[in-house]
Amino acid sequence: MLRIGRKATCVACRSLVSTNMGIRFRVPLQKLHPLSRAIHHRYCGNTNPQRTPHRTASARYFTSISRLPMRPPKPNKGSGWQNYQQQRNFWVARLAARLLKLRYILLGSAVGGGYTAKKTYDEWKDMLPDFSEYNWVIPDFVWELSEQIDLDKLAKALPEMEEIAKLLPDFDKIGESFTFLKSLLSSGLSLGSEVKGASGVHLLLETSSNPALKATDASTAASHDGDKQYKKSSDREKIDQLQEELLRTQLKYQRMLERLEKENKELRKVVLQKDDKGIHQRKVKKSLIDLYSEVLDILSDYDANYNTQDHLPRVVVVGDQSAGKTSVLEMIAQARIFPRGSGEMMTRSPVKVTLSEGPHHVAIFKDSGREFDLTKEEDLAALRHEIELRMRKSVKEGQTVSSETISLSVKGPGIQRMVLVDLPGVISTVTAGMASDTKDTIFSISKAYMQNPNAIILCIQDGSVDAERSIVTDLVSQMDPQGKRTIFVLTKVDLAEKNLASPSRIQQIVEGKLFPMKALGYFAVVTGKGSSGDRIESIKDYEEDFFQNSRLLRDGMLKAHQVTTKNLSLAVSDCFWKMVRESVEQQADVFKASRFNLETEWKNNYPRLRELDRNELFEKAKNEILDEVISLSQVTPQHWEAILQKKLWERVSTHVIENIYLPAAQTMDSGTFNTTVDIKLKQWTDKQLPHKALEVAWETLQEEFARFMAEYKGKDQDDIFDKLKEAVKDESIKRHKWNERALDSLRVIQHNALEDRSITDKPQWDAAIQFMEETLQSRLRDTESVIKDMVGPDWKQRWLNWKNRTPDQHIRNETKNELDRLLKLHDDHTAYLANDEVTTVRKNLEGRGVEVDPVLIKDTWHQLYRRHFLHKALSHCNLCKRGFYYYQRHFVDSELECNDVVLFWRIQRMLIITANTLRQQLTNTEVRRLEKNVKEVLDDFGEDTEKKTQLITGRRVQLAEDLKKVREIQEKLEAFIEALHKEK
């Protein structure tokens, strides 16, 4: 290691002389590290490294003694020893200072080296390409499952080479067949036969080299040509053997492919299950098709005359009734999910089915959290029953079909992602039990879905019936005349092959030559075996076996890609997603414009109001109504009792006066009066009084509730809630039922109150007399009014107001005058006229030229005697004001028999006690029960969207609703477009 000392020799700063262990080295200065070079210049006194320094005295001294020993000899102890010791200590201090400086040199070197390394690493990192764009190639769950999938078990599950070798064709036999065909070609065939034979050989070789291909068409064509060209039986037998060998080879490969496909499906299901469970607790995201389905669900509920919801793609399944629409959809969904019927209409409303891939085969309704396991028959039956119930519920009374959409999601392994809408089947005639407009309604529903320019029309045609009977093809050709978005599907091909005399008719249909309509593609499928209980797996096997053995495919009338529902679902899914990618961004721009227009309208019309939609307004109104109900508890007891007492007397006063007081008082006997009053009060209490009291209490509660709501309405309340509050009040009152146990307790209380006859003090006596006077005066005024109406205006009114009496009023007036004279003569007359008295009055009137009926005389007498009796009762009431003394000492004085005052006191006391009892029941029980009823009504209204729409109306509400929907749709569309771009 090179060490640099202060006494080293510097030769013009071009070289450095160093000593190490007595050996002298010369090192070029240019080869030193820059840091070492700077240290050298510092030690040699050169402040400018670029200039050549001079030789210093220390350098000359060092040169002269460079050959001497490094360490000088120690002086002897004496006078020089102290100087030597001081010099030695100074040398140790200098050595320590040099070592401390070396620490900073090492630290600076480490920092500089680290920075240089980091800079070099960043430069190399920037040179690498960006691989983040290729993350989609390998999904996340592959890395997560790589540690959990047992590769040894997977390797053991794969077939062995011996098994694969068994499935390979016999190349020796193929070589023999090739030699045979070659000999046939060289035996003098025509040029056309050579071409046909060569094409057959080419197809044969291609089949042998690629077993996955469908060789049925080529081999069938080759055998067919051989049958025509070669007449010898031996040649035909060899060709038939060749064809059978090819079919056997194809079946072997088909079974192998099915087995591998099944294993792949199981493995994919395991992967999806592990991914669905979230092994590493990854964030679960909604699938692309689920995001799109949510957009369609929101659009189906949104109706603001923009018609934007009709421009997003979906697959519309249309067809004649019983043509197999539902069966095709079930084959695509891989489950029997729809109700079935023989010949009758089962699809009564549109059913939107969102198909997506998932680990479990389940179905879920949009508005329900229940999952139906489609692998279990009981869940399938429950799902079909639920769909049928929803369809019948959506159909209004008097209708057969409905335009209300039922939303259903189906997930399962291997299901193609798309959104299909199954529509009611098109009919040609309205049958018994259907509404008269059923046919037109179905046509309008179908047109509404098909007129969407981005909708894919899946036209279903029954192959087992005559093509001329089809109605749906004409309808489809009207909606899509160019066939740019139509896919034609021919169902029940197995029945068609058996029934049709000319199978070429099927070829004409699938080639688009028979129907006057165009389509993107034509498919032939078999969706059943004749029984509605067949499973989807068995129908798929039956479909594949049928087409493998069908002469339609063997004779080349149908192509392999045109058959089976599997190929159909793949084609429909590809077409659906192509249409989605082409149109979804355009629809998002339309919604941006709609949102801008709605926001501008709101700012111009309602600048100081928040954008509250119908649900938010309902919650606001709900809180206000509950506050108004709670305010009922603030009513004072005095106010309740005063109102109850007043209303109860208004309700029962007529019965008390007409049925109790007057019949008893008109007997003119004290004992009879008390007996009659007791009997009638007992009957009244047992039957009518408690019911009347409860009715009064309930009406009072209603009126107070309405009064509080009216008062709140005047306190800057929003008038948009008026209809809602009125409906809540009416419905709450309708649902409220008074506690029946209160009726029995109230009856006992009222009966005890009426049984008491003891007036304890003078104020109660005076209050009873005042109550009696007020009641009798009120009845007297009513009686005077009735008599006035009977007899007509008096002479003053006739002269001043120019009014005249009618003939009937004239007769009644004469009758009244005659009866007044009778009452003056007999002041103590009974309440009823005797027959002879009626005859006398009639004859007196006839003597004055007035013909009168006896019934009219009795009616007039009733009112006149009533007035006469009330006057007498008021006079007696004035006399009884001083009768409390006699009543308290039980003196018997006929003039001061104040039994009627006692009766009115009993009535008044009953009213007070009843009002107090009802008030307690109101404040303690009924107000709370009313509040509970109001809450229940509000909860019911909150769950009923139609009810809220009826009760909360106005342009402000509708504008807020539209704004909310448009924003929600725009957000969903943007999320879907973002996910769509990521999938690309």
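The protein chain has the name Dynamin-like GTPase OPA1, mitochondrial in an unreviewed UniProt entry, where Oryzias sinensis is given as its organism. Looking at the Subunit (unreviewed entry) heading of the UniProt record, one finds this comment for the protein chain: "Oligomeric complex consisting of membrane-bound and soluble forms of OPA1."

Asker: Lay out the overall build of the protein chain in plain terms, naming residues and giving numbers.
Answerer: The helix and strand tally for the protein chain stands at 35 helices and twelve strands. Counting every position in the protein chain, which comprises 984 residues, the buried fraction comes to 41%. Partitioning the contacts of the protein chain with sequence separation of at least 6, the portion at a separation of at least 24 is 77%. When the accessible area of the protein chain is evaluated, it comes to approximately 56,800 Å², of which 52% is carbon and sulfur surface.

Asker: An account of helix H12 (residues 325–333) is needed here, citing residue identities and associated values.
Answerer: For H12, the buried fraction is high: nine of the nine residues fall into the buried class. Every buried residue belonging to H12 is among Lys325, Thr326, Ser327, Val328, Leu329, Glu330, Met331, Ile332 and Ala333, and all of these are buried. One or two positions beyond H12, positive phi appears at Gln334, with a value near 65°.

Asker: An account of unusual backbone geometry is needed here, citing residue identities and associated values.
Answerer: Although it is not a glycine, Gln334 sits at a positive phi angle of roughly 65°. For Lys492, which is not a glycine, the phi torsion comes out positive at approximately 55°. Here Lys492 is to be found in the loop between strand S11 (486–491) and helix H16 (493–499). Residue Lys492 is classed as partly exposed on the basis of its relative accessible area, which comes to 25%.

Asker: Could you give an account of a nonpolar patch on the surface, naming the residues involved and the relevant values?
Answerer: A contiguous nonpolar surface patch, about 480 Å² in accessible area, is contributed by Trp795, Trp799 and Leu800. Take Leu800: it is sitting in helix H28 (residues 795–801). A relative accessible area of 64% places Leu800 in the exposed class.

Asker: Provide a residue-level description of the state of the cysteines, including the pertinent values.
Answerer: Two cysteines, two sulfur atoms, one covalent bond between them: this is a disulfide. Per the counting criterion, the structure on display carries one disulfide. Lacking any disulfide linkage, Cys877 is separated from the closest cysteine sulfur, that of Cys880, by 6.7 Å.

Asker: For the pairing of strand S6 (residues 362–365), give the residues involved together with the corresponding values.
Answerer: Where S6 lies against strand S7 (residues 371–373), three bridges are found, and the strand directions are antiparallel. If you follow Ile364 over to S7, its bridge partner there is Glu371. Hairpin connection, S6 to S7: the antiparallel pair is bridged by five residues. When S6 meets strand S8 (residues 406–412), the two strands line up antiparallel, connected through four bridges. Directly across from Val362, in S8, lies its bridge partner Lys411.

Asker: Residue-level account of the environment of Asp761, with values.
Answerer: Tracing the backbone shows Asp761 in the loop between helix H26 (740–755) and helix H27 (762–791). Taking C-alpha positions, Asp761 is 8.8 Å from Gln888, a pair spaced 127 residues apart along the chain. There is a polar contact of 3.2 Å between the side chain of Asp761 and the backbone nitrogen of Gln764.

Asker: Could you give me a rundown of the packing of helix H21 (residues 614–630) against helix H25 (residues 722–735), with the residues and numbers involved?
Answerer: Between two packed helices, both the angle of their axes relative to each other and the distance between the axes serve to describe the pair. Close contact between H21 and H25 brings their axes to 11 Å; oriented N to C, the two are set at 50°. Considered as vectors, H21 and H25 are oriented oblique to each other. Considering how the two elements wind past one another, H21 and H25 form a crossing that is right-handed. Residues Phe618, Ala621, Glu624, Ile625 and Glu628 of H21 touch H25, and the partners they reach there are Leu724, Lys725 and Val728. When the residues that make up the contact of H21 with H25 are grouped by side-chain class, the tally is five nonpolar, no polar and three charged.

Asker: Report on the confidence of the model for the protein chain, specifying residues and quantitative values.
Answerer: Put simply, the protein chain has an average pLDDT of 75, and 71% of its residues get 70 or more. The spread of mean pLDDT over the elements of the protein chain runs between helix H8 (residues 191–209), the lowest at 34, and strand S4 (residues 315–319), the highest at 91. Every residue in residues 45–72 scores below 50 in pLDDT, and together they form 19 contacts with partners more than four places removed in sequence or on other chains. The low-confidence segment residues 133–146 (pLDDT under 50) makes ten contacts with residues lying over four places distant or belonging to another chain.

Asker: Please provide a residue-by-residue account of the nonpolar core, values included.
Answerer: Within the largest apolar cluster, 99 residues are counted, with the highest numbers of intra-cluster contacts made by Tyr661, Trp684, Trp765, Ile907 and Val934. When residues of this core are assigned to their parent elements, the largest contribution, 17 residues, is made by helix H33 (residues 899–943). Excluding residues that lie within four positions of it along the chain, Ile907 makes contacts with Trp649, Val656, Leu681, Trp684, Leu754 and Phe771. In terms of nonpolar packing, the next biggest core, distinct from the first, is built from 66 residues, Met391, Val410, Val525 and Val584 among them.

Asker: How would you sum up the sheet that holds S4? Please name residues and give values.
Answerer: Within the open sheet, the nine strands sit side by side as S7-S6-S8-S5-S9-S4-S10-S11-S12. Their pairing is mixed. Looking at the sheet topology across the chains shown, the edges are occupied by S7 and strand S12 (521–524). Across this sheet, the average inter-strand angle for adjacent strands is 25°, counted without regard to direction. Those strands touched by helix H15 (residues 472–479) are S4, strand S10 (456–462) and S11, and its axis lies near 160° from that of S10.

Asker: Residue-level account of the packing of helix H22 (residues 637–665) against H33, with values.
Answerer: The geometry of H22 relative to H33 is characterised by a closest axis approach of 8 Å and an angle of 140° between their N-to-C directions. Put simply, H22 runs oblique to H33. Two packed elements cross with a definite hand, and for H22 against H33 that hand is right-handed.

Asker: An account of the packing of aromatic side chains is requested, with residue identities and associated values reported.
Answerer: Tallying each qualifying case throughout the model produces 15 aromatic pairs. By way of ring pairs, the aromatic residues Trp649, Tyr661, Phe771, Trp861, Tyr865, Phe869 and Phe904 are connected into one cluster. The ring of Phe365 is capped by Arg390, whose NZ or CZ atom sits 4.1 Å from the centre of that ring. One cation-aromatic arrangement involves Lys948 over Phe618; the distance from NZ or CZ to the ring centre is 5.7 Å.

Asker: Now, about the pattern of salt bridges: what can you tell me, with residues and values included?
Answerer: Per the stated rule, a full pass over the model turns up 44 salt bridges. Here Lys325 and Asp422 are joined by a salt bridge, their closest N and O atoms 3.3 Å apart. Note that Lys325 is positioned in helix H12 and Asp422 in strand S9 (residues 418–422), a separation of 97 residues in sequence. Considered together, Lys325 and Asp422 belong to a single accessibility category, that of buried residues. The salt bridge involving Glu386 is made with Arg390; its shortest N-O contact spans 3.0 Å. Pair noted here: Glu386 and Arg390 are both in helix H13 (residues 377–394), with a separation of four residues, about one helical turn. Relative accessible area serves as the criterion here: at 27%, Glu386 is assigned to the partly exposed category. Three or more residues joined by partner-sharing salt bridges are found here, namely Arg595, Glu599, Glu611 and Arg967.

Asker: Got a sec to walk through the side chain of Ser349? Specific residues and values, please.
Answerer: Along the chain, the position of Ser349 falls in the loop between H12 and strand S5 (351–357). In contact with Ser349, other than residues within four places in its own chain, are Met391, Ser394, Ser402, Glu404, Ile406, Asp422 and Pro424.

Asker: I'd like to hear about the pairing of S9, residue by residue, with values.
Answerer: Summarising burial for S9: five of the five residues are buried, a large majority. Covered by surrounding structure in S9 are Met418, Leu420 and Asp422 together with Val419 and Val421, the residues of both alternating faces. Strand direction decides the pairing type here: S4 and S9, joined by three bridges, are parallel. Considered in S9, the bridge of Val316 is made with Val421. Across five bridges, the pairing between S5 and S9 is antiparallel. Opposite Thr354, over in S9, you have Val419 as the bridge partner.

Asker: Would you mind going over the environment of Val934 in detail, with residue names and values included?
Answerer: With respect to the helices, strands and loops of the structure, Val934 is situated in helix H33. As for Val934 and Val728, which are separated by 206 residues in sequence, their C-alpha atoms are 6.8 Å apart.

Asker: Describe H25, and please don't skip the residues or the numbers.
Answerer: With 14 residues, H25 should reach 20 Å at 1.5 Å per residue; the first-to-last C-alpha distance of 20 Å fits that figure. Within the span of H25, buried status applies to Leu724, Lys725, Ala727, Val728, Lys729, Ser732 and Ile733.

How each quantity is defined
- One numbering rule holds for all chains: residues counted from 1, following each sequence as written.
- For a predicted model such as this one, the threshold for reporting local features is a pLDDT of at least 70, and the threshold for listing and counting side-chain atom pairs is 80 or more; totals across whole chains, interfaces and linings nevertheless cover every residue.
- Hydrogens and water are ignored here; the side-chain numbers use all heavy atoms of the structure.
- UniProt positions are given in the numbering used here, feature names are shortened, and annotations may be inferred rather than shown by experiment.
- Each helix is a run of H or I in the DSSP string that is no shorter than four residues. Each strand is a run of E no shorter than two, and both are numbered from the N terminus.
- Relative accessible area decides the class of each residue, using a 1.4 Å probe on protein chains only: under 20% of the type maximum gives buried, over 50% gives exposed, and in between gives partly exposed.
- By the convention used here, residues are in contact when the closest approach between their heavy atoms is within 4.5 Å.
- Note on areas: Shrake-Rupley, 1.4 Å probe, and residue coverage restricted to the protein chains presented here.
- To count toward a patch, a residue needs a relative accessible area above 30% and no salt bridge. Like charges then connect within 9 Å, nonpolar side chains (Val, Leu, Ile, Met, Phe, Trp, Tyr) within 5 Å.
- Throughout this description, the term salt bridge denotes a Lys or Arg side-chain nitrogen within 4 Å of a carboxyl oxygen of Asp or Glu.
- For this text, the term disulfide refers to a pair of cysteine sulfurs within 2.5 Å.
- The pairing criterion is simple: DSSP has to find at least two bridges between the two strands.
- We define a polar contact as two N or O atoms separated by no more than 3.5 Å, with the added condition that, inside protein, one atom must be a possible hydrogen donor and the other a possible acceptor, whereas residues neighbouring each other in sequence contribute only through side-chain atom pairs.
- Note on method: axes are straight lines fitted to C-alpha atoms, helices fitted across the in-contact stretch only, with angles between N-to-C directions ranging 0 to 180 degrees.
- Here is the rule for angles: anything less than 35 degrees is roughly parallel, anything more than 145 is roughly antiparallel, 65 through 115 is roughly perpendicular, and the remaining ranges are oblique.
- Whether a crossing is left-handed or right-handed is set by the direction in which the near helix is turned from the far one by less than a right angle, anticlockwise for left-handed and clockwise for right-handed.
- Amino acids outside the nonpolar list (Ala, Val, Leu, Ile, Met, Phe, Trp, Tyr, Cys, Pro) and the charged list (Asp, Glu, Lys, Arg) are all regarded as polar, and Gly is one of them.
- Each residue carries a pLDDT score, the predictor's confidence in it, ranging from 0 to 100.
- As used here, the term nonpolar core means buried Ala, Val, Leu, Ile, Met, Phe, Trp, Tyr and Cys residues forming a set that is joined through side-chain atoms within 4.5 Å.
- Pairs were defined over the aromatic rings of Phe, Tyr and Trp, the Trp ring being its six-membered one, requiring ring centres within 6.5 Å. Orientation was assigned from the angle between planes: stacked under 30 degrees, edge-to-face over 60, tilted for the rest.
- By definition, being over a ring means that NZ of Lys or CZ of Arg is both within 6 Å of the ring centre and within 35 degrees of the ring normal.
- A helix is expected to span 1.5 Å for every residue after the first.

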